[in-house]
Amino acid sequence: MSRKLIFFISLAFLSTGLQAQNIRGKVIDSKTREALPFVNIIYGNSNLGTTTNIDGEFSISGSLQIDELQLSYLGYFSKTVKISDNNPNKEIVIKLDPKFYNLEEVIVFPGENPAEQIINKVVENRNLNNPEKMQSFSCKTYNKMIFTLGRDTSNVKDTSKHQKSRLERNLENYHLLLIETMNEKQFIQPDKYNEKIVASKVSGFNDPIFSLIASQVQEFSFYNEYFELLDKFYVNPISKGSIKRYLFLLEDTLYNEQKDSIFIISFRPRKGKSFDGLKGFLHINTNRYAIQSVVAEPLEEEQGMRVEIQQNYEFVEGKQWFPKELITNISFVDAISASDGDDFEMIAKGRSYVSDISLNPELNKKDFNHVEIKVVEGANEKSEQYWQSQRTKELSEIEKNTYYKIDSISKAEKLDKKLAGLEAFMTGNIPVKYFNLPIGKIINYNKYEGYRLGLGLMTNNKISKYFSVGGYFGYGFKDKAWKYGGDLILNLHQDSESKLHFSYLNDVDEKAGYNFFETMDLSSTEVYRKYMREKMDLIEKYQVSFSFLSLQYLKTKVFVNQSYITDTDGYFYGPAPIDATNNFAFAEAGIRFRYAYNEKYLQTLRNKYSLGTDYPVLMANIIRGTNWLDGEYKYTKYEAKITKTFKTKTLGKTKLAIAGGLAEGDVPLTKLYNGHGSYHPFSIEAENSFGTMRMGEFYSDKFLSVFFKHDFGNILIKTSWLKPKFAVVNNFGIGELSENNYHQPAEPIQSIEKGYYECGLLINNILNQSFLGYGFGLFYRYGPYAFDKTADNFSYKLSLSIGL
């Protein structure tokens, strides 16, 4: 037997007597018992290090003798833990004590800041490490989010003497809501996602609409110029020029077993810098100077909400850093006030675990369209066996109790039906069995009709998803007149949104108004203008239209109609007063377009919701008046509108809207263009309109309007109790009225050929309550059409912002 063979046999025998240490544990906050992610842990004699994952867990394996662990974490006291020789493999729980931490107390001495050198390298390598700069990737994510309540103890001096309420005791056994989803995510350049929620489980609800929440709160990557949280954009600390805006400090350095250095760097906006910024800390790995983990939260509380995100990255296949774990924590401050005077926060805690990562796979471009994320049919029908195979860890007892308790409450309270009603309500409808009741048909208001009460009915999907039929009636208490109408909508093809719409109405319509192929909602204050309209004409109209989606982002509507309009203001049209009339018959054919490149949507089982686009939105109409049927006037109208929102890192965001129209031919006043005013002495601010222009004050057959609004956010003034958001407005309009066959006994018709000018200042969010912000605005009219009396040029506005 050779010496070499003896050596190997001896080594093999001796190695069986050596026991590798396997240290597993969890690090928690000593006060709240919450898990602490990304805690720095140093072990061994070589100062090797690791960090906890997003659940505060860690595992250290190897043959090195480990006698102690040294733990450090930003905002907590450091701690050294001795490892017992008797049971080195036992799972240990380590508690860290929080301490008051204020970055502004740290003094940075003259000279180059080492943290800034590291951050500059991270910025240089941003595109290299950003997974959204790859050609493609695919992965699966298991998402879990819980909702619960927590008592606001900020004003309680001694929490140990606090007596728990019945609500608090109940919530020790179960949560308010538990959501689980399994998502399949695909990405392909340029910036296209195809994400499917293939499985959904929600406590108390069979409808999977809540499943959209669990995976859409924060962005998938932390490498973009702006980081989006709940639809608000923050300047990223690793964006270009960030060292001029953020204070970075090198807090610690670790070394892993791959001999990479890991720099722990804290960040927050520099003192005196005003912008929407974040605070937190980064773990930067010297392997390509990539983010290994990040913890971040907005510097300021936003409209009653506190948000914190955490992301953990892994170097996949030795090629690409990729998100592996994500956390989102949201607190809705003072969401519930109890009868005993105590306030409770609504707390949402979300976790996402990424698996089955594939880098640069071959993906079919045809699978990608304008729907970025959708709930697939049957997502809510997965078995418990399926969920056990997909979960990263078993549900806790509290989570199991949540499914049992909330499911039983849901059956008793019929929560699924109420949720379906809420979704319908968000789309402007109240569902009642087989019918939807349009809210705008039940109660409405404008200056011409005053309050309008009525009822509308449209069949819903419970009767058929292929068609909807219904009608409405209403009575205006100011004009003392009944209105009514009916619709038949045929849903020809869901993916292309192809619809054939037959409609009839006997109603009122704004005189010389214009509209485009767009849906107004509460994301824009422009929706409030409809309540201020006071110049209306009577209209009876029959219309057939066909609408469809093509080229992914182009929406088109083709229509023909016959209408009979009666002017209500004493305006007459004709070659001479004796031949003039205020009753008009029109036959029109036209086409409307809306093109929003890269506009993204999320789709539930019932509805589709826009996520917006960073590109300009272009809308256009071409309308031809003919002498078909009963048509008496021949004309052509060309109309266009473009909108764009610009974001800047330090000065907020700018909204720009440009609208124009041209009417050629034989066109009565009711088919021209009013000035698009929204004046009343005191009213709600409506963007993309002239706040100081009287209703029906000007008319044009050709016009151009420019609406400019810059929102500084709360970067100008910030206090602990007041966070107003300032915005400036500057609007311009010009128009011309070529023909003058319009007659009115009272006063002549005028246009704005000299140019109309106004400016305004809005102080938004002076008061805020949950998602609502209230403020005040002042608009001033100047230039050629200013009034002689200065007070008449002012308009006072209530600003209402909704943080959806």
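What you are looking at is a predicted structure, and each value in this text was computed from that prediction instead of being measured.

Analysis parameters
Residues numbered from 1 in each chain as written. Predicted model: local features only at pLDDT ≥ 70, side-chain atom pairs only at ≥ 80, totals over all residues. Heavy atoms only, no water. Helix = DSSP H or I, 4+ residues; strand = E, 2+ residues; numbered from the N terminus. Buried < 20%, exposed > 50% of the residue type's maximum accessible area, 1.4 Å probe, protein only. Polar contact = N/O pair within 3.5 Å; in protein donor to acceptor, adjacent residues only side chain to side chain. Contact = heavy atoms within 4.5 Å. Core = buried A, V, L, I, M, F, W, Y, C linked by side-chain atoms within 4.5 Å. Phe/Tyr/Trp six-rings, centres within 6.5 Å; stacked < 30°, edge-to-face > 60°. Lys NZ or Arg CZ within 6 Å of the ring centre and 35° of its normal. Salt bridge = Lys/Arg side-chain N within 4 Å of Asp/Glu carboxyl O. Pairing = 2+ DSSP bridges. Arc of directions from axis to C-beta.

Novice: What exactly am I supposed to notice about the overall build of the protein chain here?
Specialist: Within the protein chain, the secondary structure is distributed over nine helices and 45 strands. Within the protein chain, buried positions represent 48% of all 804 residues.

Novice: Please clarify how the side chain of Gln-320 should be interpreted in this entry.
Specialist: For Gln-320, the location among the structural elements is in strand S18 (residues 320–337). Owing to a relative accessible area of 7%, Gln-320 belongs among the buried residues under this scheme. Of the polar contacts made by the side chain of Gln-320, one reaches the backbone oxygen of Asn-129; its length is 3.0 Å. Setting aside residues no more than four positions away along its own chain, Gln-320 makes contact with Leu-128, Asn-129, Asn-130, Pro-131, Met-134, Arg-288, Glu-314, Phe-315 and Leu-359.

Novice: Would you take a moment to explain the environment of Arg-592 for this structure?
Specialist: Its location among the elements puts Arg-592 in strand S31 (residues 583–596). By relative accessible area, which is 15% here, Arg-592 ends up buried. Put simply, Arg-592 and Asn-515 are 77 residues apart on the chain and 9.8 Å apart in space, counted from C-alpha to C-alpha. When near neighbours in sequence (up to four residues on either side) are disregarded, Arg-592 contacts Asn-515, Phe-516, Phe-517, Lys-555, Thr-556, Lys-557, Phe-559, Ala-620, Asn-621 and Ile-623.

Novice: Can you help me understand the nonpolar core in this one?
Specialist: Nonpolar side chains in soluble globular proteins tend to end up buried together. Counting residues in each nonpolar core, the largest one holds 42 residues, and the members touching the most others are Phe-222, Ile-265, Leu-278, Leu-282, Ile-284 and Ile-291. Aside from chain neighbours lying at most four places away, what touches Ile-291 is Phe-222, Tyr-223, Ile-238, Leu-282, His-283, Ile-284, Tyr-313 and Trp-321. Listed in part, the 37 residues of the second largest apolar core include Val-27, Leu-36, Ile-94 and Leu-178.

Novice: Even after reading the chapter, I still don't get the packing of aromatic side chains, so can you show me in this structure?
Specialist: Pairs of aromatic rings are described using the distance from one ring centre to the other and the angle between the two planes. Tallied over the full model, the rule gives 42 aromatic pairs. Aromatic pair Tyr-246 and Phe-248: ring centres 6.0 Å apart, planes at 40°, arrangement tilted. The burial state of Tyr-246 is the same as that of Phe-248; both residues are buried. Among the aromatic residues, those joined into a cluster by ring pairs are Phe-137, Phe-187, Tyr-193, Phe-220 and Phe-322. Sitting over the ring of Tyr-403, Lys-201 keeps its end group 4.5 Å from the ring centre. Sitting above the plane of the Tyr-472 ring, Lys-441 keeps its charged end 3.9 Å from the centroid.

Novice: Any chance you could explain the pattern of salt bridges here in plain terms?
Specialist: It is possible for side chains bearing opposite charge to pair when their charged atoms get close. Inspection of every chain in the model, using the stated rule, returns 37 salt bridges. With a shortest N-O distance of 3.0 Å, Lys-144 and Glu-399 are connected by a salt bridge. Of the two residues, Lys-144 is situated in strand S8 (residues 136–151) and Glu-399 in helix H7 (residues 397–413); the sequence distance between them amounts to 255 residues. In this structure, Lys-144 and Glu-399 share a single accessibility class: buried.

Novice: In this structure, what is going on with the pairing of strand S2 (residues 40–43)? I would like to understand it.
Specialist: Looking down a regular strand, the side chains alternate between one sheet face and the other. Burial along S2 is two-sided: the face carrying Asn-40 and Ile-42 and the face carrying Ile-41 and Tyr-43 are both buried. Judged from the four bridges that link them, S2 and strand S3 (residues 48–51) form a sheet pairing that is antiparallel. Among the inter-strand pairings, Ile-41 is bridged to a residue of S3, identified as Thr-50.

Novice: Please clarify how unusual backbone geometry should be interpreted in this entry.
Specialist: Note on backbone geometry: most residues besides glycine have negative phi, and most peptide bonds are trans. For the bond from Gln-189 to Pro-190, the omega torsion is 0°, close enough to zero to count as cis. You can see Pro-190 is positioned in the loop between strand S9 (177–188) and strand S10 (192–202). Even without a glycine there, the phi angle at Leu-551 is positive, about 55°. When you line up the elements, Leu-551 lands in the loop between strand S28 (536–550) and strand S29 (554–566). By relative accessible area, which is 67% here, Leu-551 ends up exposed.

Novice: How do you make sense of the pairing of strand S27 (residues 498–510) when you look at a structure like this?
Specialist: Relative to S27, strand S26 (residues 481–493) runs antiparallel, the two being bridged by nine bridges. Its bridge partner lying in S27, Ile-489 is registered against His-501. The hairpin turn running from S26 into S27, its antiparallel successor, is four residues long, and Glu-497 in that turn takes a positive phi close to 55°. Strand direction decides the pairing type here: S27 and S28, joined by twelve bridges, are antiparallel. Its bridge partner being in S28, Asn-506 is matched across the sheet by Glu-540.

Novice: Explain helix H2 (residues 114–124) here, please?
Specialist: Helical geometry note: an α-helix holds 3.6 residues per turn, so side chains three or four residues apart project in the same direction. Among the residues of H2, Ala-115, Glu-116, Ile-118, Ile-119, Val-122 and Val-123 are the ones counted as buried. One side of H2 carries all its buried residues, which in axial view fall inside an arc of 160°. Buried positions along H2 lie against helix H3 (126–129), strand S13 (246–255), strand S14 (261–269) and strand S15 (278–285). Looking at where H2 begins, the residue whose side-chain oxygen comes 3.0 Å from the main-chain nitrogen of Ala-115 is Asn-113.

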